[in-house]
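Observations on the three-dimensional arrangement
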Number of protein chains: 4
Amino acid sequence: MVDGAVAMPGVMIDYRSDNTGRAAPQILEALIRANQGTALGYGGDAWTAALQQRFSDLFEMSVRIFPVATGTAANALALASLGPSWGIVYCSEAAHINTAEANATGFFGGGIKLSAVDGEHGKIGADALADALAAISPGQLHRGRPAAVSLTQATDLGAVYTLGEVRAIAEVTRRGGLKLHMDGARFANAVARLGCSPADLTWRSGIDIMSFGATKNGGALCDAIVVFSPDIADALAVQLRRAGQVWSKMRFASAQLIAYVENSLWLDMARASNAIAARIAGGLRDISSARLLAPVEANELFLELPSTVMDALEADGFQFYRRSKSLARFVCRFDTTEAEADALVAALHRHLTAETTARAAE
Amino acid sequence: MVDGAVAMPGVMIDYRSDNTGRAAPQILEALIRANQGTALGYGGDAWTAALQQRFSDLFEMSVRIFPVATGTAANALALASLGPSWGIVYCSEAAHINTAEANATGFFGGGIKLSAVDGEHGKIGADALADALAAISPGQLHRGRPAAVSLTQATDLGAVYTLGEVRAIAEVTRRGGLKLHMDGARFANAVARLGCSPADLTWRSGIDIMSFGATKNGGALCDAIVVFSPDIADALAVQLRRAGQVWSKMRFASAQLIAYVENSLWLDMARASNAIAARIAGGLRDISSARLLAPVEANELFLELPSTVMDALEADGFQFYRRSKSLARFVCRFDTTEAEADALVAALHRHLTAETTARAAE
Amino acid sequence: MVDGAVAMPGVMIDYRSDNTGRAAPQILEALIRANQGTALGYGGDAWTAALQQRFSDLFEMSVRIFPVATGTAANALALASLGPSWGIVYCSEAAHINTAEANATGFFGGGIKLSAVDGEHGKIGADALADALAAISPGQLHRGRPAAVSLTQATDLGAVYTLGEVRAIAEVTRRGGLKLHMDGARFANAVARLGCSPADLTWRSGIDIMSFGATKNGGALCDAIVVFSPDIADALAVQLRRAGQVWSKMRFASAQLIAYVENSLWLDMARASNAIAARIAGGLRDISSARLLAPVEANELFLELPSTVMDALEADGFQFYRRSKSLARFVCRFDTTEAEADALVAALHRHLTAETTARAAE
Amino acid sequence: MVDGAVAMPGVMIDYRSDNTGRAAPQILEALIRANQGTALGYGGDAWTAALQQRFSDLFEMSVRIFPVATGTAANALALASLGPSWGIVYCSEAAHINTAEANATGFFGGGIKLSAVDGEHGKIGADALADALAAISPGQLHRGRPAAVSLTQATDLGAVYTLGEVRAIAEVTRRGGLKLHMDGARFANAVARLGCSPADLTWRSGIDIMSFGATKNGGALCDAIVVFSPDIADALAVQLRRAGQVWSKMRFASAQLIAYVENSLWLDMARASNAIAARIAGGLRDISSARLLAPVEANELFLELPSTVMDALEADGFQFYRRSKSLARFVCRFDTTEAEADALVAALHRHLTAETTARAAE
């Protein structure tokens, strides 16, 4: 086991995922504090009531928040609440719901179908979405019915939708009579990047429901669904119960989420991981052969790298995921250090330069 | 909020459920200890590997254990793994899967149907099960196919199956070519009652898969599925992922379950709650009008009470659930005190005697 | 193969089911007539348009009718259209949806649960229904949500709800905010029995949607769903498409259903089968030991019979189903003859008298 | 209504679909002949037994055949029988299951996901399939599990897989441990084209299960699932019952399918529609601006046409579907006449020449 990853010989430096990291100590301490007295089960407790209030304050409207165990549960159950089981949900080809949740949306939605919409850097393009909707007329029952749109903020390639981009998608969505979901597994990173309010980035821009991620950003055992359209919430509450996503000792989930947003902890952590990613991206500017797949706007970097360079990095003790033979993903956590960032930049500089020299010599 | 429930005027005494209670401090402390270094996500960490080993030792065979968020998830996903979606799952009318999980089994099982089998005290009777199976012949496709049997140990009425009873059911189940599931939401209470080994009560008695409960017995945020028939486990692992039941920071779940069974903590807690229930039941023996629905063999008491007596108890500050107009449920927790038990007995004695006198005077 | 069942030695007389019978020749001839020219697929043809009009006339309101392949499809898809997937559908224990459709409702409804309500002769009792609804309060999410009620007309035990009984159930259903479905697999027999209009027995009595059976009453290859609440129909149209229940050459289904109701063919056939059942029931009045499970109000008789008598009937060449060791079902078809009825009565008289004598002699 | 489509002024000529056409008279006459005597329901009749034998002879092995109402039902239920509900089914982007069945496969499969594989003319390429399978490793639970491959023969763009192409796909499929389904909605057209035996094109080439289409090729009210891998069939039988796809008067479905293959009727009809399509394609060779999307190997032509030409054709009385602003589909039926074919060629010649002239003049 790694005891704190530092840039020293023989020590691993972990860029594999934001879920390999620790939880913020404040969140676990909140669990201890919540462990007193008895409390009604399944969310009928004082902590969960406080959570509703705390998130309503945060989002500047009376939201409904439902803690759930995982982001997959948040996404699939949120989307299932938006449409009929013969509905079509539009998303990016790169969306986590499309690539990495074993078709949970299709399962919880009773046959809901995901349909990929073109766009840059893991985004949906508003025009491409409009074209996709225009291609199905109301009478074409055999096509299923367009039901919802899901956008991932920050995207699965490390970019961030601007407010204007979200609103353009929202307008197409509304015009088509659909509902709009935001997969906010890295919502904190997007808010930190844009410097806007959570309200601006969600319901004020047309979001009906969101997956509010905490785990990837220093959380421990829960994420949440936040509902902005109140007509969705009551049915979702029953569905969550049936889905095995309502803890009987809910206070221990609610306490985590309260601690997560208390004193801007969530934004502080997102700013930290964003800053590390930006530091690495900055360092890459000096390496002419380093090619990024998308702008680095959150805490992830997708780098096109020769496999020999990837081998060399791993030999150095860097851990990261190979997304293909020539694409490596590096993810920064709230507790990734500047020294770790600089170590990665230095290693990339060294190996890419060697590679370029070797190629030139061929 | 209640600050420790004691038998004093103006203070509530909570018999509502075993999920209104605190978690064992050891379990939350284990979370803090697990919060160091980085670790591979989705169960690829050292804590989860240790958990597999720890439970294989506990059950004296190489089991597969999957932590999940709730008992509903454990039951529904375990049962869905046992049969085709047109399968029939036999259970007690009183079973939690039948009365209290919003038909999660039907949902996760893609249409699996629950069918109630008669029996005493929340149990399935082996003969009644045999009759039910005999009533469907292989050619009767319109009936669906018998797929599995689920027994709840301890039962939903507070009784405990003997080893002989479990084995009799297992034999009927095997003869019918079905699989056998145990809903062990209160498995600890049953093991504590019987004094047998976990292995004896499960796979050595014919159980293929179980829901291993922790939450109701001092746990915090997870229960588990334990698989004894290895052919079931691989498919279940994918299904759990799709079901949103695989935490990315799984170490925080695994650490809870390791702490739960460490140093017999789980059995100590179950013995404690069982002992309180037995103490109350013992006190009731002196009250001739007190009628129990089932023998008190675990940590629950189901008492037939006039509604006036229930009103009076609530006025005294006792919290409990009314299961019907004349049935009250009292649940003891690992931290329910003897003083709280004695206070309940005293109150019941007082109110039932008053009631009897009033009736006689009518 | 049977070449026309007549009451002659060595010839089988078939009382097994109303689906073992022939189709009315008029219905098959309609197929031949519809086989001209080209026609838009999936219901966009002239025959299907005519069918909508024909059934709107028949029911005295603008209904939507969807031909489907089977009664199971009609029931399951109608019920799935009425509620959320976590809904509870109340029905009789004896209902076909509960006993004979391999839980199609649970499947098409994505986890809908059937819940049995007490009543006589295969009926739901309005008071028992009210009690069942009262037992679930809105806050009890773990119970699922009451969604719909399904009554079978005529019932699965051969009785017929009066208009007053249907309306009493409808009132309880409405009060609970639920929808009301009628499984009309033998709707024609019920209308024929009551002498009321189809409108009186359905939407004027509070039915929202029905399964309109044809197959059991001289139809061939289709039944239908008839929708009285227009808000249900559009979604159902997509669901039927997805369910593989929309024939591309729909004209051949629509033509069958038009022929079925043309010139009162459907009611003539139902009157014929009802009359045969009544004739048999009349003959049984002279046999003191003949015990019927329910009043004979449609085309079925459920007779308690010693198994020796069942054996003797089969030896005589009568075909029927044994529902248990002591219960036999006899179903009359539109083309069952009076001679066949009289043959059955004579055989029952003979064997029951012999049995009584034998018992007396013991 | 059209009274027989002939190439005369003021008369529509229908190229919309092969499901707008009539049924072969022999098939409807078979229904009349089957309407005698009583017969056990749900497939326990003599006609269904004969059907099993007839298709076993046709396919030169002991197959199981299940008549179903529609091609959507055949495809979705066949695919649902092949894999777990978290399975991935690989198909062409253009496949009917992917574009035109409202995600029936996702629904009946309980969340099965379709994944498009590249290829020409509506086909799957064997190499592209191998790449797709290689992209998911066994440990990547979050991706779901590859379960089956579905190829459409003839394809949805009017091409026909050669035997070699089918076998190459089958080999990749087997190597991956998957099952292979053939959507044979136009199987007759493919067999007619290739001149091979039904056995060669299916199980001898590695097909496990197929959707055997009849409706598009002169059938009336049923298609079928044919099972070559016997281990699949028993479970499918229950699933079909639950899916509402088992007619109680099954003889009327079985009789249609027997008539369909009797005396090579099916192949005669397919040869006829293929020949008409070939005649049109031949005529197009003289029109330099006519561009076909795929080779015309069955009964469909996909023509890239300016929308002005499509308008002109419609004004002439030709009916066809616009698949996009510049793509028209023309489908030939078994009873499309040579005169109708020549009329279409002539009109295309006229309008495309005029268009070319007009463009040149711009």
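Residues numbered from 1 in each chain as written. Chains lettered and ligands numbered in written order. Predicted model: local features only at pLDDT ≥ 70, side-chain atom pairs only at ≥ 80, totals over all residues. Heavy atoms only, no water.

Section: the overall build of chain A
For chain A, the helix and strand inventory stands at 14 helices and 13 strands. C-alpha extents for chain A along the principal axes are approximately 65 × 60 × 30 Å. Counting over 362 residues, chain A shows a buried share of 63%. In chain A, the proportion of contacts linking residues at least 24 apart, taken out of those at least 6 apart, comes to 75%. (Helix = DSSP H or I, 4+ residues; strand = E, 2+ residues; numbered from the N terminus. Buried < 20%, exposed > 50% of the residue type's maximum accessible area, 1.4 Å probe, protein only. Contact = heavy atoms within 4.5 Å.)

Some thoughts on the relation of the copies chain B and chain C
Note on the copies: chain B fits chain C at an RMSD of 0.1 Å, the axial shift is 0.1 Å, and the rotation between them is 180 degrees. In symmetry terms, the pair is related by a two-fold rotation axis. Within chain B, the C-alpha atom positioned nearest to the axis of rotation is that of B:Gly111, 2.7 Å from it. Most of the interface of chain B is mirrored in chain C, where 100% of its interface residues again form contacts. (Least-squares fit on C-alpha atoms with pLDDT ≥ 70 in both.)

Digging into the interface of chain B and chain A
Think of interface size as the accessible area that goes away when the parts come together; that is how it is often given. Of the residues lining the interface, 58 residues belong to chain B; the matching set on chain A comes to 58 residues. Together, the buried faces of chain B and chain A total about 4,900 Å²; carbon and sulfur atoms form 59% of this surface. For the interface between chain B and chain A, the tally reads 0 salt bridges. Going through the elements one at a time, helix 1 (25–33), helix 2 (46–59), helix 3 (71–80), helix 5 (104–108), helix 10 (230–242) and helix 11 (251–261) of chain B are the ones with two or more residues in the side of chain B that touches chain A. Here the side of chain B that touches chain A gets 5 residues from one element, more than from any other, and that element is helix 1 of chain B. Looking at the side of chain B that touches chain A residue by residue, the class counts come to 27 nonpolar, 19 polar and 12 charged. (Buried area = accessible area lost by both parts, 1.4 Å probe. Salt bridge = Lys/Arg side-chain N within 4 Å of Asp/Glu carboxyl O. Nonpolar A, V, L, I, M, F, W, Y, C, P; charged D, E, K, R; others polar.)

Looking at the sheet that holds strand 7 (residues 209–212) of chain C
All names here are of chain C. Taken together, 7 strands build an open sheet; the order of strands is 2-8-7-6-5-3-4 and the sheet is mixed. Pairing within the sheet leaves two strands with one partner each, and these edge strands are strand 2 (64–68) and strand 4 (113–117). Taking the axes of each pair of neighbouring strands and ignoring which way they run, one obtains an average angle of 25 degrees across the sheet. Across 5 bridges, strand 2 lies against strand 8 (residues 223–227) in antiparallel orientation. If you follow Ile65 over to strand 8, its bridge partner there is Val226. (Pairing = 2+ DSSP bridges. Axes fitted to C-alpha atoms, helices over the stretch in contact; angles between N-to-C directions.)

Concerning the confidence of the model for chain A
Residues and elements named next belong to chain A. Residues of chain A with pLDDT of at least 70 account for 97%, and the chain-wide mean is 95. A low-confidence stretch, residues 1–7 (pLDDT under 50), is modelled with 17 contacts involving residues beyond four sequence positions or located in other chains. ipTM for the predicted complex: 0.95, alongside a pTM of 0.95. (pLDDT = per-residue confidence, 0-100.)

Regarding the packing of aromatic side chains
Residues and elements named next belong to chain C. Summed over the entire model, instances satisfying the criterion amount to 60 aromatic pairs over all chains. Measuring from ring centre to ring centre gives 6.2 Å for Phe59 and Phe212, while their planes differ by 75 degrees; the resulting arrangement is edge-to-face. Taken together, the residues span a long stretch of sequence, with Phe59 in helix 2 (residues 46–59) and Phe212 in strand 7 at a distance of 153 residues. One exposure class covers both Phe59 and Phe212, and it is buried. Plain terms: the ring middles of Phe212 and Trp266 are 5.6 Å apart, the flat faces sit at 40 degrees to each other, and that makes the pair tilted. (Phe/Tyr/Trp six-rings, centres within 6.5 Å; stacked < 30°, edge-to-face > 60°.)

Re the side chain of B:Asp18
All names here are of chain B. By the element assignment, Asp18 lies in the loop between strand 1 (13–14) and helix 1. Under the relative-accessibility criterion, Asp18 is labelled buried at 2%. One polar contact links Asp18 to Arg186, side chain to side chain, over a distance of 2.7 Å. For Asp18, the side chain forms a polar contact with the side chain of Asn299, separated by 3.0 Å. (Polar contact = N/O pair within 3.5 Å; in protein donor to acceptor, adjacent residues only side chain to side chain.)

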